[in-house]
Amino acid sequence: MTRANLWGAFLSLLLFSATFLVWETRFVFFNITALVVVIFGTVATAFLAFPFHQLQNACSVALNSYRPFGVKPQGIIAILLDLAMRSRREGILSLQDKTGVTLSFLQNGLDVLVDGYSENEMYEILSTESSFFRLRRQHSERVFRILGKTAPAFGVAGSVIGLIGMLAGIQEASVIFQTIPMALVSTLYGLILSNLFLLPVAENIVSRTQEELLLQKIILEGILAIKKEQNPLRLEKRLCAFLSPQERQAAQADFQDRKQHYIQFLRTQKEATQG
Amino acid sequence: MTRANLWGAFLSLLLFSATFLVWETRFVFFNITALVVVIFGTVATAFLAFPFHQLQNACSVALNSYRPFGVKPQGIIAILLDLAMRSRREGILSLQDKTGVTLSFLQNGLDVLVDGYSENEMYEILSTESSFFRLRRQHSERVFRILGKTAPAFGVAGSVIGLIGMLAGIQEASVIFQTIPMALVSTLYGLILSNLFLLPVAENIVSRTQEELLLQKIILEGILAIKKEQNPLRLEKRLCAFLSPQERQAAQADFQDRKQHYIQFLRTQKEATQG
Amino acid sequence: MTRANLWGAFLSLLLFSATFLVWETRFVFFNITALVVVIFGTVATAFLAFPFHQLQNACSVALNSYRPFGVKPQGIIAILLDLAMRSRREGILSLQDKTGVTLSFLQNGLDVLVDGYSENEMYEILSTESSFFRLRRQHSERVFRILGKTAPAFGVAGSVIGLIGMLAGIQEASVIFQTIPMALVSTLYGLILSNLFLLPVAENIVSRTQEELLLQKIILEGILAIKKEQNPLRLEKRLCAFLSPQERQAAQADFQDRKQHYIQFLRTQKEATQG
Amino acid sequence: MTRANLWGAFLSLLLFSATFLVWETRFVFFNITALVVVIFGTVATAFLAFPFHQLQNACSVALNSYRPFGVKPQGIIAILLDLAMRSRREGILSLQDKTGVTLSFLQNGLDVLVDGYSENEMYEILSTESSFFRLRRQHSERVFRILGKTAPAFGVAGSVIGLIGMLAGIQEASVIFQTIPMALVSTLYGLILSNLFLLPVAENIVSRTQEELLLQKIILEGILAIKKEQNPLRLEKRLCAFLSPQERQAAQADFQDRKQHYIQFLRTQKEATQG
Amino acid sequence: MTRANLWGAFLSLLLFSATFLVWETRFVFFNITALVVVIFGTVATAFLAFPFHQLQNACSVALNSYRPFGVKPQGIIAILLDLAMRSRREGILSLQDKTGVTLSFLQNGLDVLVDGYSENEMYEILSTESSFFRLRRQHSERVFRILGKTAPAFGVAGSVIGLIGMLAGIQEASVIFQTIPMALVSTLYGLILSNLFLLPVAENIVSRTQEELLLQKIILEGILAIKKEQNPLRLEKRLCAFLSPQERQAAQADFQDRKQHYIQFLRTQKEATQG
């Protein structure tokens with residue numbers, strides 16, 4: 001989550017909650033019973049529907065998906081091109097030195113590359129890892145999405161509980177006036193819990209996962225190309241196909257320098273061989 | 001969006017909003033608090049659910065998808081047939097001259113063609129580009145669809161907030177009469193924001209994307225056929241399979257001229273070879 | 001749509017609308033404002049969500065899908081068997097004579113067959129045509145389905161508009177009594193527009209499209225078999241696999257005659273060769 | 001549908017409808033107008049959305065899916081093993097005798113086997129038949145599912161019609177008291193028609209179809225194995241993979257006898273060859 | 001279900017139900033008629049929609065999915081590595097000894113391995129078993145999910161029944177006061193039955209099934225690698241791709257010992273061969 005997201009969310013939530021607090025009777029909006037019905041109904045569902053380790057996992061994935069995520073496709077392509085050129089100049093074993101490589105998927109890919117697996121095995125190992133990464137993330141997203149669908153139902157249940165309590169003791173008008181707001185507050189809590197918390201978290205996990213899967217796809221393609229000793233200049237073309245047109249132009253300008261160096265190197269080498 | 005769409009939307013919105021303004025009490029329909037709840041609830045969800053650059057991207061895609069889009073499948077097929085014939089007459093390198101080619105996907109395809117990649121590599125580069133184009137568009141559509149589902153919930157939340165405010169201060173009848181309309185106005189805002197703005201935008205992105213993907217599919221097929229030096233007359237048959245029966249007839253009549261020229265050229269060449 | 005459908009729909013709609021007209025106050029059910037909100041809200045959505053040519057196309061597809069559709073799988077199989085036998089007796093070029101062939105897909109298939117494309121090319125051209133036919137139909141269905149989901153929301157919006165107009169002028173009881181029915185009438189219009197018009201049309205497009213796609217699949221299979229010069233007796237077996245068990249029995253009895261003729265011809269030919 | 005299903009459904013429906021009949025005012029629950037709105041609204045939708053022959057077909061499929069269905073996977077595997085052994089002992093043509101084979105798919109499979117089609121052709125014919133069987137069933141399920149989603153909407157429409165009729169004649173209290181129950185009865189009819197009739201029928205068609213598709217998959221696998229003259233002992237292993245662990249154990253015990261006989265036969269034959 | 005799940009569910013249900021019991025009029029929440037409508041409506045749907053043996057099966061699967069499930073992917077990988085090493089040292093037939101193997105899928109896989117099927121056959125047998133295991137589980141999940149969607153509808157139906165009973169006898173105020181709570185209680189029962197019982201059970205079946213399918217995938221991969229006599233050290237790398245990064249590190253540390261032993265064995269063997 002970038003600073004822009006934080007400020008945007010903060011300001012709009014501020015304006016949103018202002019609509020509560022302008023009412024003179026703003027204390028009505030805080031109601032423990034309603035909160036208990038909605039929160040603990042949803043929590044009970046969570047414990048009944050998902051094994052505990054999946055709930056833990058979902059929470060840590062949710063937290064992680066709100067941390068800023070610095071790695072961009074262009075950066076990964078630059079790293080892969082550097083690796084491809086280094087591999088061409090100094091041999092595949094030179095890739096054992098993983099300085100500057102922070103992504104665990106890329107580290108893994110380099111390990112597999114250096115260990116000398118066949119192309120097919122490399123593809124299977126890395127794509128298995130990638131597809132199970134996606135599966136684990138889908139589990140986490142599913143937890144929040146299911147709970148996000150359940151919360152409004154408990155909001156309504158809380159309202160019904162309140163209304164029943166009121167209607168059963170209908171003789172006293174004062175009870176009615178205390179209960180109807182409580183009943184509606186519960187519905188409100190359910191809607192807010194679902195629409196401002198659980199569903200956005202699920203959606204954010206989806207977004208983050210898609211960004212990471214794009215990186216993994218680029219890395220997989222790049223690692224296989226290094227294995228196949230593909231021409232780095234052609235590799236650039238292939239990897240840039242993963243970018244949007246704007247990003248592609250920026251990236252290609254950015255890579256110009258590296259490519260010049262590499263072409264220089266190729267020429268020197270050619271002369272050395274011929275000389 | 002064509003002129004027909006603009007006029008149609010404008011007139012029906014005019015008639016639709018007339019149903020508001022005929023009421024003597026039309027000022028009730030403008031309510032700042034309700035607007036704040038619905039708009040900023042939805043905006044907060046957007047900031048909590050999607051990274052900022054995705055929101056930016058979704059907005060620019062939405063704007064773009066309402067700009068008129070002049071390129072038609074028939075036009076692209078005509079261009080591809082011209083390119084195929086030129087390639088036959090003057091060699092593949094003559095395609096470096098990209099005058100009149102405005103679509104970036106076609107430009108890219110010609111680059112790949114001229115650079116001498118193998119057929120498989122061409123297919124992979126171009127289909128990767130196409131599938132990530134679709135993925136980026138799906139992200140944008142998703143933003144509007146998710147927010148379109150969320151807006152009515154905030155409409156209801158706004159109504160509940162209003163009703164609670166009212167019911168908590170139930171002693172004064174005048175407060176009730178001010179609040180109930182405000183409550184219902186919020187629901188109305190949620191419904192309109194969702195059904196007249198967010199969901200149609202999502203739907204329009206889908207329509208536009210499908211049109212562009214059709215063009216990309218035709219281009220991919222055509223570029224590969226040029227690479228394979230397929231007979232342009234057969235290429236026409238293949239590409240016309242992407243059209244509807246009506247478009248196909250119009251297109252085939254349209255291409256008659258070009259084909260005559262080409263057949264003429266083939267004959268001349270044959271005679272030259274035999275002569 | 002068959003006569004049975006017309007009568008069934010007519011009678012049940014008659015009974016359905018009788019429930020309106022039995023009320024002494026039946027004039028309440030006709031309300032211009034409610035009609036405007038529901039119709040023009042939905043129309044505005046249509047113009048905002050879909051390009052104009054897609055709306056046109058959807059309407060013409062909808063009309064077409066209610067026209068009676070005479071072609072049955074059995075009939076197509078009979079035609080294909082005749083073509084296969086003729087091709088065996090008189091050569092593939094005899095198929096240029098397309099008398100009695102009304103389906104444009106079959107005409108196209110025969111063109112491709114006579115033009116001497118390879119099997120793979122034939123498969124690609126015809127299956128591309130078939131899959132884009134399905135895509136265009138799905139677009140049309142989508143238009144009606146999306147609008148069918150939107151119409152009830154505008155029905156509710158119309159009710160809310162009416163209620164707000166009423167509640168803002170709550171001092172006069174007479175206004176209330178005029179508005180509440182108007183409000184509910186709008187909801188009713190939305191439900192009827194969606195459930196008796198838009199969604200059935202979408203569903204009917206689906207049904208018709210599936211029937212036509214079945215025919216196209218049978219034709220594709222048959223044309224390829226003719227190309228491969230497959231034995232017509234075996235072709236019959238393969239094509240009959242597309243039919244339901246009842247249809248299959250009827251069809252096989254029906255084809256007995258043709259097969260006898262063909263076997264007769266084979267014998268004569270064999271004797272001629274041997275003689 | 002087994003006897004257990006019948007009794008279970010009967011008893012729970014009895015208890016369910018008891019909750020209607022305990023009311024002194026039980027006659028309110030029978031309301032012709034509400035019934036007409038819900039039933040004929042749904043029927044009109046059916047006639048507008050689906051071609052008549054599809055409605056007929058859906059009804060007959062629905063009826064069939066409630067008839068008891070005696071064939072079990074184990075039984076089919078036993079038959080296939082017998083056929084495989086007979087084919088090994090007496091040659092493939094001995095399978096022309098189809099005594100005891102009641103399933104039309106198996107009869108068809110044996111026909112194809114005896115007619116001497118190639119393996120690929122057999123696979124195509126039988127899997128085409130199977131996939132179009134599934135498609136036809138999905139059409140029938142779709143009819144009931146779509147109507148099941150429509151019925152509650154007509155229930156609500158009926159309630160709205162009732163309420164409008166009442167509210168338009170609001171001067172007389174007696175009319176109100178007659179109408180509100182009628183209005184709610186319509187909603188109730190819609191819910192019951194959908195949840196106790198249309199949706200369970202759709203679901204039951206799904207269940208039955210899946211059972212039959214499992215059988216067809218086993219038969220397809222078995223027929224192909226007989227064609228390939230696969231060892232019946234290995235065929236048993238492959239077919240038992242379609243069963244649940246419990247069924248598999250029961251089946252394997254059951255097949256012990258047959259296998260003994262077959263092994264006996266093999267030994268005799270071997271001795272005869274060697275002798 | 002772990003102890004953490006049990007405690008979590010228990011405590012949150014306690015807090016949730018406390019919101020019922022704090023009301024003085026708590027006896028209103030227990031209502032036999034409402035219970036009968038919701039429970040037996042749902043049960044009738046179950047009997048009408050699913051064959052009896054599928055209901056039985058769904059119940060036993062549901063019960064099983066709440067039993068603790070001790071087997072972890074790491075454990076399975078350890079067992080498979082041991083088996084691979086043993087197979088290398090002592091030959092494939094040594095795997096007939098299945099001591100310590102409790103999972104029926106692994107037992108089956110070893111049977112197939114020892115019986116000497118070809119790689120393709122092994123893959124087909126085991127993946128058929130796995131995919132039909134998933135299908136059976138999906139049937140069970142479907143039962144609970146469909147009923148979970150139906151229960152709230154019967155809750156509403158129960159409320160409508162109650163309201164009709166009340167409104168038909170509207171003359172007596174006492175009847176009204178008895179009925180409205182009863183009506184709402186039914187809605188509450190429907191919501192709770194669905195959201196705290198049926199849907200969580202469906203979700204829990206999904207979670208458990210995914211865990212078991214992961215194990216089956218690992219076993220399938222491992223068994224095939226043993227068949228192919230793949231190097232156990234490489235097998236470890238491949239199987240660890242199924243784990244999350246954290247699990248992978250733990251597992252790899254754990255396997256260090258085994259690998260040392262194996263490498264030791266390889267060296268000894270090599271020396272023996274060379275010596």
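Every chain begins its residue count from 1, and numbering advances along the sequence as written. Chain A is the first chain written and ligand 1 is the first ligand written, with later ones labelled in order. In keeping with the predicted nature of the model, local features appear solely for residues at pLDDT of at least 70, side-chain atom pairs appear and are counted solely at 80 or more, and the whole-chain, interface and lining totals rest on all residues. The basis for every side-chain value is the complete set of non-hydrogen atoms in the structure, without hydrogens or water.

## A word on the overall build of chain A
Now for step 1: What counts as a helix is a DSSP run of H or I of at least four residues, what counts as a strand is a run of E of at least two, and both are numbered from the N terminus. Summing up its helical and strand segments, chain A has 9 helices and 0 strands in all.
Now for step 2: Counting from the amino terminus, helix and strand elements in chain A follow one another as α-α-α-α-α-α-α-α-α.
Now for step 3: Expected size for 275 residues packed as a compact globule is a radius of gyration near 19 Å; at 28 Å, chain A overshoots this value by more than 25%.
Now for step 4: Referenced to the eigenvectors of the C-alpha coordinate spread, the extents of chain A come out at roughly 105 × 40 × 25 Å.
Now for step 5: Per-residue burial for chain A yields a buried fraction of 53% across its 275 residues.
Now for step 6: By the convention used here, residues are in contact when the closest approach between their heavy atoms is within 4.5 Å. Relative to all contacts within chain A whose residues are 6 or more apart in sequence, the contacts with residues 24 or more apart total 78%.
Now for step 7: Note on charges: Lys and Arg go in the positive column, Asp and Glu in the negative column, and His and the chain ends are not counted at all. Where a charge sits is defined by one atom per residue type, namely NZ (Lys), CZ (Arg), CG (Asp) or CD (Glu). Positive and negative side-chain charges of chain A, numbering 26 and 22 respectively, have mean locations separated by a distance of 3 Å. It is over C-alpha atoms that the radius of gyration is taken, and the globule rule equals 2.2 Å times the number of residues to the power 0.38. Remark: exposure states derive from per-residue accessible area (1.4 Å probe, protein chains only) relative to the maximum for the residue type, with buried under 20%, exposed over 50%, and partly exposed in between.

## Regarding the interface of chain C and chain B
Now for step 1: Each partner contributes to the interface: chain C provides 49 residues, whereas chain B provides 48 residues.
Now for step 2: Simply put, the buried area is the total loss of 1.4 Å probe accessible area from both parts when two parts are fitted together. Here chain C and chain B share an interface that buries about 4,300 Å² over both sides, 69% of which is from carbon and sulfur atoms.
Now for step 3: The three residues of chain C that bury the most area against chain B are L48(C), I161(C) and I164(C), which together make up 15% of that side's buried surface.
Now for step 4: Salt bridges, as used here, are contacts in which a Lys or Arg side-chain nitrogen is within 4 Å of a carboxyl oxygen on Asp or Glu. There are 4 salt bridges connecting chain C and chain B.
Now for step 5: One salt bridge in this structure joins R238(B) and E124(C), with 2.0 Å as the shortest N-O distance.
Now for step 6: Residues adjacent in sequence count toward polar contacts only when both atoms are side-chain atoms; beyond that, a polar contact is any pair of N or O atoms within 3.5 Å, and within protein one must be able to donate a hydrogen and the other to accept it. Linking chain C with chain B are 15 residue pairs in polar contact (both at pLDDT 80 or more), by the criterion used here.
Now for step 7: Mapped by element, the contributors of at least two residues to the side of chain C that touches chain B are helix 2 (32–49), helix 3 (52–66), helix 5 (104–114) and helix 6 (119–168) of chain C.
Now for step 8: Considering every element that reaches the side of chain C that touches chain B, the biggest residue donor is helix 6 of chain C, with 23 residues.

## Re the packing of helix 4 (residues 73–90) of chain C against helix 9 (residues 245–274) of chain C
All names here are of chain C.
Now for step 1: Axis definition: a line fit to C-alpha positions, over the contact stretch in the case of helices; interaxial angles, taken between N-to-C directions, run 0 to 180 degrees. Here helix 4 crosses helix 9 at 15°, and the two axes come no closer than 10 Å. On the basis of the axis angle, helix 4 is roughly parallel to helix 9. In this structure, the crossing between helix 4 and helix 9 has a hand that is right-handed. The residues of helix 9 that touch helix 4, namely those facing Q74, I77, A78, L81, D82, M85, R88 and R89, are E247, A251, F255, R258, K259, Y262 and F265.
Now for step 2: Its residues assigned to classes, the contact of helix 4 with helix 9 comprises 8 nonpolar, 1 polar and 6 charged. What sets the label is the angle itself: under 35 degrees gives roughly parallel, over 145 gives roughly antiparallel, 65 to 115 gives roughly perpendicular, and the rest give oblique. Crossing handedness follows the turn of the near helix against the far one: under a right angle anticlockwise gives a left-handed crossing, and clockwise gives a right-handed one. The residue classification treats Ala, Val, Leu, Ile, Met, Phe, Trp, Tyr, Cys and Pro as nonpolar and Asp, Glu, Lys and Arg as charged. All others, Gly included, are polar.

## Quick notes on a positive patch on the surface
Now for step 1: A surface patch of like charges, here positive, comprises K149(A), K149(B), K149(C), K149(D) and K149(E).
Now for step 2: In this structure, K149(E) sits in helix 6 (residues 119–168). Nonpolar side chains (Val, Leu, Ile, Met, Phe, Trp, Tyr) are joined into patches within 5 Å and like charges within 9 Å, using only residues with over 30% relative accessible area and no salt bridge. Residue-level accessible areas treat just the shown protein chains as cover; the underlying method is Shrake-Rupley with a 1.4 Å probe.

## Observations regarding the interface of chain E and chain A
Now for step 1: Each partner contributes to the interface: chain E provides 48 residues, whereas chain A provides 49 residues.
Now for step 2: Carbon and sulfur atoms supply 69% of the area that chain E and chain A bury against each other, a total of about 4,300 Å² over both sides.
Now for step 3: By the criterion of area lost to chain A, the three top residues of chain E are W23(E), R234(E) and K237(E), representing 14% of everything that side buries.
Now for step 4: Along the contact surface separating chain E from chain A lie 4 salt bridges.
Now for step 5: If you look at where chain E meets chain A, you find 15 residue pairs in polar contact (both at pLDDT 80 or more).

## Focus: the environment of G162(C)
Now for step 1: Along the chain, G162(C) falls in helix 6.
Now for step 2: For the pair G162(C) and Y189(C), spaced 27 residues apart in the sequence, the C-alpha separation amounts to 14 Å.

## What to know about unusual backbone geometry
Residue and element names in this part refer to chain A.
Now for step 1: The phi angle at E229 is positive, at roughly 55°, despite the residue not being glycine.
Now for step 2: By the secondary structure assignment, E229 is in the loop between helix 7 (173–227) and helix 8 (232–240).
Now for step 3: Residue E229 is classed as exposed on the basis of its relative accessible area of 51%.

## Some points on the packing of aromatic side chains
Now for step 1: Pairs were defined over the aromatic rings of Phe, Tyr and Trp, the Trp ring being its six-membered one, requiring ring centres within 6.5 Å. Orientation was assigned from the angle between planes: stacked under 30 degrees, edge-to-face over 60, tilted for the rest. This model, assessed by the stated rule, comprises 25 aromatic pairs over all chains.
Now for step 2: Both rings, one in W7(C) and one in F10(C), keep their centres 6.1 Å apart while their planes meet at 85°; by these two values the pair is edge-to-face. Note that W7(C) and F10(C) are positioned in helix 1 (residues 3–21) at a spacing of 3 residues, about one turn of the helix.
Now for step 3: Assessed through its relative accessible area of 51%, W7(C) is described here as exposed.
Now for step 4: A relative accessible area of 47% means that F10(C) is categorised as partly exposed.
Now for step 5: Sitting over a ring, as applied to charges here, requires NZ of Lys or CZ of Arg to be within 6 Å of the ring centre and within 35 degrees of the ring normal. If you follow R89(B) out to its NZ or CZ, it ends over the ring of F265(B), 5.5 Å from the centre.
Now for step 6: When the ring centre of Y117(C) is taken as origin, the NZ or CZ atom of R234(B), which lies over that ring, is 4.2 Å away.

## Describing the relation of the copies chain C and chain B
Now for step 1: The least-squares superposition of copies is restricted to C-alpha atoms, and to residues with a pLDDT of at least 70 in both copies. Expressed as a screw transformation, the operator carrying chain C onto chain B has a rotation angle of 72° and an axial translation of 0.0 Å, and the superposed copies differ by an RMSD of 0.0 Å. What the superposition gives is, in effect, a five-fold axis relating one chain to the other.

## Details of the packing of helix 2 (residues 32–49) of chain A against helix 1 (residues 3–21) of chain E
To describe two helices that pack against each other, one gives the angle between their axes and the distance between the axes.
Now for step 1: At a minimum axis distance of 8 Å, the contact between helix 2 of chain A and helix 1 of chain E shows a crossing angle of 155°. When the axis of helix 2 of chain A is compared with that of helix 1 of chain E, the two are roughly antiparallel. Here helix 2 of chain A and helix 1 of chain E pass one another in a crossing that is left-handed. Here T33(A), V36(A), V37(A), F40(A), G41(A), V43(A), A44(A), F47(A) and L48(A) of helix 2 of chain A lie close against helix 1 of chain E, whose contacting residues are A4(E), N5(E), G8(E), A9(E), S12(E), L13(E), L15(E), F16(E) and T19(E).
Now for step 2: Of the residues contributing to the contact of helix 2 of chain A with helix 1 of chain E, the split by class is 12 nonpolar, 6 polar and no charged.

## Here's the deal with the confidence of the model for chain A
Now for step 1: For chain A, per-residue confidence averages 86 on the pLDDT scale, and residues scoring 70 or more make up 93% of the total.
Now for step 2: If you check the scores for this complex, the pTM reads 0.91 and the ipTM reads 0.88. Per-residue confidence from the predictor is reported as pLDDT, which spans 0 to 100.

## Brief notes about the side chain of H139(A)
Now for step 1: By secondary structure assignment, the location of H139(A) is in helix 6 (residues 119–168).
Now for step 2: Once residues lying within four places of it in the same chain are set aside, the contact partners of H139(A) are Q54(A) and Q210(E).

## With respect to the pattern of salt bridges
Now for step 1: Scanning all chains against the criterion turns up 40 salt bridges over all chains.
Now for step 2: The partner of E121(B) in a salt bridge is R234(A), and the shortest N-O contact between them spans 3.2 Å. On the criterion of chain membership, the pair formed by E121(B) in helix 6 (residues 119–168) and R234(A) in helix 8 is interchain, its members lying in two chains.
Now for step 3: Judged by its relative accessible area of 15%, E121(B) is buried.
Now for step 4: Its relative accessible area of 24% is what places R234(A) among the partly exposed residues.

## A look at the side chain of T209(A)
All names here are of chain A.
Now for step 1: Along the polypeptide, T209 turns up in helix 7.
Now for step 2: Taking the relative accessible area as the measure of exposure, T209 reaches 6% and is therefore buried.
Now for step 3: In this structure the side chain of T209 is engaged in a polar contact, spanning 2.7 Å, whose partner is the backbone oxygen of I205.
Now for step 4: What T209 contacts, discounting residues up to four positions off in sequence, is F133 and R137.

## Points about the environment of A18(B)
Now for step 1: Note on placement: A18(B) falls in helix 1 (residues 3–21).
Now for step 2: The spacing of A18(B) and R248(B) is 230 residues in sequence and 44 Å in space, taken between C-alpha atoms.

## Quick word on the environment of K72(A)
Now for step 1: Relative to the assigned elements, K72(A) resides in the loop between helix 3 (52–66) and helix 4 (73–90).
Now for step 2: Along the primary structure K72(A) and Y117(A) are separated by 45 residues, whereas in three dimensions their C-alpha atoms are 28 Å apart.

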